[in-house]
Amino acid sequence: MKKLLACALAAALSATSVQAQQTPPSSQTRPIDSIVAIVDEDVVLRSELDRAMQNILSQYAGREAQLPPRDVLERQVIERLVLLKLQVARAESSGVRVTNQEVDQALANIAGQNGISIDQLNAQLARDGSTFDEFRTSIREELLVQKLRQRYAQSRVSVSDAEIDAAMEAQQAGGVQYHLAHILVALPEGATPEQIKTAQGKIDGIKSLLDRGEMDFAAAAVRYSDSPNALEGGDLGWRSSDEIPSAFVQMVSHMSPGQVTDPLRGPSGFQLLQMVESRNASQDTSGQTVTQYKASHILIRVDEQTSDAEAKAKIDTLAARLAGGADFAELAGQESQDLNSKVRGGDLGWFNADAFGLEFGGQITRLGDDEVSQPFRTSSGWHIIKRTGSRQTDVNAQNKRNQIAETIGRRKLEDEWNRYLRELRGEAYVDIRVGPQASATDNATGG
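What you see is a predicted model; the values in this text were computed from it and never measured.

Across its full length, the protein chain carries 15 helices and 11 strands. Taken as a whole, the protein chain presents about 23500 Å² of accessible surface, with 49% of it coming from carbon and sulfur.

Okay, structure coming up:
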């Protein structure tokens, strides 16, 4: 997760650098900061909006015609910042925490991706009119949102073996992947007939523009789409059939590159779907067998609240209870601080030896089945492992199942997460103070 985040933020940093090089030094002077939006107990500042706008303008350098009018673009960017504030607040109120060590690691990744040191990163930010503290705060917020999303996925998204089996059978017939893009005209929950009619008119108008060749799909997405990926041209990336809503699979499989569907009504509103291109997924049929292990564990974390010595004392106490005959699963359910496995009595399922790091793998391979380890330390804290089984597994078959489970889970998470964000936004008090909507309070009653 950190590596992916670092790549994304490195791209944003590069965009900021380009903008700074193109901006005359006089424009770097900051006016007195002001509030552009109130978000529950937080605010969006003009400086935050200006930085985000500069990043987007730099990304579209030479393609400014694809962007909507400045007031519309500002509204889109403010909405992104509002959603970020809401997610950060929800993460913090839900007990999600990001340590200084995690932020330091993300910053090191960003610097490494850009081929510079932390000191050079600091200097680059200063040249761009920003500060290292501001950038560090933005990294912390991104990590909080990532963790909130992961926690949401763990509690709301599950993929059954039956779903994986069905997807594998479907892929054996073709294995085609599709590169898709979409434009969304959103509708609120319980939309009125008038709102539905207005949205229908808007999506029909967008489709007419595309049919007449007056605007390409990506530009239309940037200008008109209500989707969170609007500023990326509505790009949905590559997807296999199991990552596409079942209602659209048959339609997509018969589309040609560049083709756009007629307006479609979905749970989020009306949308247009474009087939960008398609390809055959590579199939690796070479066999390879590895040993997998099944185990349970108890974890006592070392973090800002718990020192190494305190965690070691706690794990030693638990080891003594196990030696005295305590049930491992029961003890893990009561005391382990790994929330994912705790509810299953510490059960981690089947995994490769290196799945949880070298220290963990070294312990699991030295144990026999039903044997319990002595307490040992990893970067997460202090562990005790009970190995419960081992087996020989076809790596490619298992990898294929894992990939399919991941893609199905990603599709489910995307649907659920977007619905969650709409609910979060709809329940919030948001007062936009710039643009045509500045005179009206948005969601003053939480609706």
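There's plenty left to go through after this.
In this section: helix α8 (residues 193-211). Compared with an ideal rise of 1.5 Å per residue, which puts 19 residues at 27 Å, α8 spans 27 Å between its outermost C-alpha atoms and is within 8% of the ideal. Residues of α8 that are buried: A199, I203, I206, K207, L209 and L210. Looking straight down α8, one finds that the buried residues subtend no more than 160° of arc, so they occupy a single side. Turned more than 90 degrees away from the buried face of α8, the exposed residues are P193, E194, K197, T198 and D211. Contacts made by the buried residues of α8 are with β3 (176-186), α9 (217-224) and β6 (269-280). Of the residues flanking the end of α8, it is G213, one or two places downstream, whose phi is positive at about 75°.

Let's shift gears to the sheet that holds strand β5 (residues 264-266). Here we have four strands laid out as an open sheet, ordered β4-β3-β6-β5, and antiparallel in their pairing. Lying at the two open borders of the sheet, with one neighbouring strand each, are β4 (235-240) and β5. On average, adjacent strands in this sheet sit at an angle of 45° to one another, irrespective of strand direction. In this structure, β3 lies alongside β4, joined through five bridges in antiparallel fashion. Pairing of L180 across the sheet is with G237, part of β4. Across the face of the sheet, helix α10 (residues 246-253) comes into contact with β3, β5 and β6 while running at roughly 50° to β6.

Here the focus is the side chain of S341. Topologically, S341 is positioned in helix α13 (residues 339-342). For S341, the contacting residues outside a window of four places in its chain are H297, G346, D347 and L348.

In this structure the tally under the stated criterion is seven aromatic pairs. Here the aromatic rings of F351 and F360 are separated by 6.2 Å at their centres, their planes lie at 70°, and the arrangement is edge-to-face. Following the ring pairs from residue to residue traces out a cluster consisting of F351, F356, F360 and F376. Its guanidinium or amino end placed over the ring of F270, R265 lies 5.3 Å from that ring's centre, counting from NZ or CZ. For R279, the ring lying beneath its charged end belongs to W238, and the centroid distance is 3.9 Å.

Here we take up the sheet that holds strand β1 (residues 35-39). Overall, antiparallel pairing links the three strands, which are arranged β2-β1-β11 in an open sheet. The open sheet terminates on both sides in strands that have one partner only, identified here as β2 (42-45) and β11 (430-432). Recorded for the sheet is a direction-independent mean angle of 20° between the axes of neighbouring strands. Here β1 pairs with β11 via three bridges, running antiparallel. Each residue of the ladder has a partner; that of A37, found in β11, is I432. Strands β1 and β2 of the sheet are contacted by helix α2 (residues 46-59), whose axis makes an angle of about 50° with β2.

To continue, consider the nonpolar core. Residues V77, V82 and I139 are the most contacted members of the largest nonpolar core, which totals 49 residues. Secondary structure elements with two or more residues in this core: β1, α2, α3 (70-93), α4 (100-113), α5 (118-127), α6 (132-156), α15 (395-427) and β11. With sequence-adjacent residues up to four places away left out, V77 is seen in contact with L49, A52, M53, I56 and L231. The next biggest cluster of nonpolar side chains, apart from the first, holds 16 residues, and it includes I183, L187, A199 and F217.

Further remarks concern the pattern of salt bridges. Counted under the stated rule, the structure contains 24 salt bridges. One salt bridge connects R377 with D308, and the closest N-O pair in it is separated by 2.6 Å. Highlighted residues: R377 in strand β9 (residues 376-377) and D308 in helix α11 (residues 308-323), separated in sequence by 69 residues. On the basis of relative accessible area, R377 is assigned to the partly exposed category, the value being 33%. Taking relative accessible area as the criterion, D308 reaches 33% and is therefore assigned partly exposed. A single network of salt bridges, built from pairs that share partners, joins R46, D50, R70 and E74.

It is at 9 Å that the axes of α3 and α6 come closest, and there the two elements cross at 65°. As judged from the angle between their axes, α3 and α6 are roughly perpendicular. Viewed along their axes, α3 and α6 form a crossing whose handedness is left-handed. Seen from α3, the contacting residues are L84, Q87, V88, R90, A91 and E92; seen from α6, they are R140, E141, L144, V145 and L148. Here the residues of the contact of α3 with α6 are counted per class, giving six nonpolar, one polar and four charged.

Here the focus is unusual backbone geometry. At D40, a position not held by glycine, the phi torsion is positive, near 50°. Checked against the element boundaries, D40 lands in the loop between β1 and β2. On the basis of relative accessible area, D40 is assigned to the partly exposed category, the value being 37%. Residue D370 is not a glycine yet carries a positive backbone phi of 70°. Relative to the helices and strands, D370 resides in the loop between α14 (358-366) and β9.

Definitions and limits used
- Residue positions are given per chain, counted from 1 along the sequence in the order it is written.
- This being a predicted model, a pLDDT of at least 70 is required before a residue's local features are given, and a value of 80 or more before pairs of side-chain atoms are given or counted; all residues contribute to the totals for chains, interfaces and linings.
- The basis for every side-chain value is the complete set of heavy atoms in the structure, and neither hydrogens nor water enter the calculation.
- Numbering of helices and strands runs from the N terminus, with a helix taken as a DSSP run of H or I at least four residues long and a strand as a DSSP run of E at least two residues long.
- Using a 1.4 Å probe, accessible areas were evaluated by the Shrake-Rupley method; residue-level cover was limited to the displayed protein chains.
- Take the number of residues in a helix, subtract one, and multiply by 1.5 Å to get its expected span.
- Buried means the residue's accessible area, taken with a 1.4 Å probe over protein chains only, is under 20% of the maximum for its type, while exposed means over 50%, and partly exposed covers the values in between.
- To obtain the arc, one takes the directions from the helix axis to the C-beta atoms.
- Contacts between residues were defined by any pair of non-hydrogen atoms, one from each residue, lying within 4.5 Å.
- Strands are treated as partners if at least two bridges between them are detected by DSSP.
- Only the contacting stretch of a helix is used when fitting its axis, a line to C-alpha atoms as for every element, and angles between N-to-C directions run 0 to 180 degrees.
- Stacked, tilted and edge-to-face pairs are distinguished by plane angle, under 30 degrees for stacked and over 60 for edge-to-face with tilted covering the rest, among Phe, Tyr and Trp rings (Trp via its six-membered ring) whose centres lie within 6.5 Å.
- In our convention, an over-ring charge means Lys NZ or Arg CZ found within 6 Å of a ring centre and within 35 degrees of that ring's normal.
- Put simply, buried Ala, Val, Leu, Ile, Met, Phe, Trp, Tyr and Cys residues joined by side-chain atoms within 4.5 Å make one nonpolar core.
- Within this document, salt bridges are pairs made up of a side-chain nitrogen of Lys or Arg and a carboxyl oxygen of Asp or Glu, the two lying within 4 Å of each other.
- Angles below 35 degrees are treated as roughly parallel, those above 145 as roughly antiparallel, those between 65 and 115 as roughly perpendicular, and all remaining angles as oblique.
- By convention, the crossing between two helices is left-handed when the near helix turns anticlockwise from the far helix through less than a right angle, and right-handed when the turn is clockwise.
- Here the term charged refers only to Asp, Glu, Lys and Arg, the term nonpolar to Ala, Val, Leu, Ile, Met, Phe, Trp, Tyr, Cys and Pro, and the term polar to all other amino acids, Gly among them.

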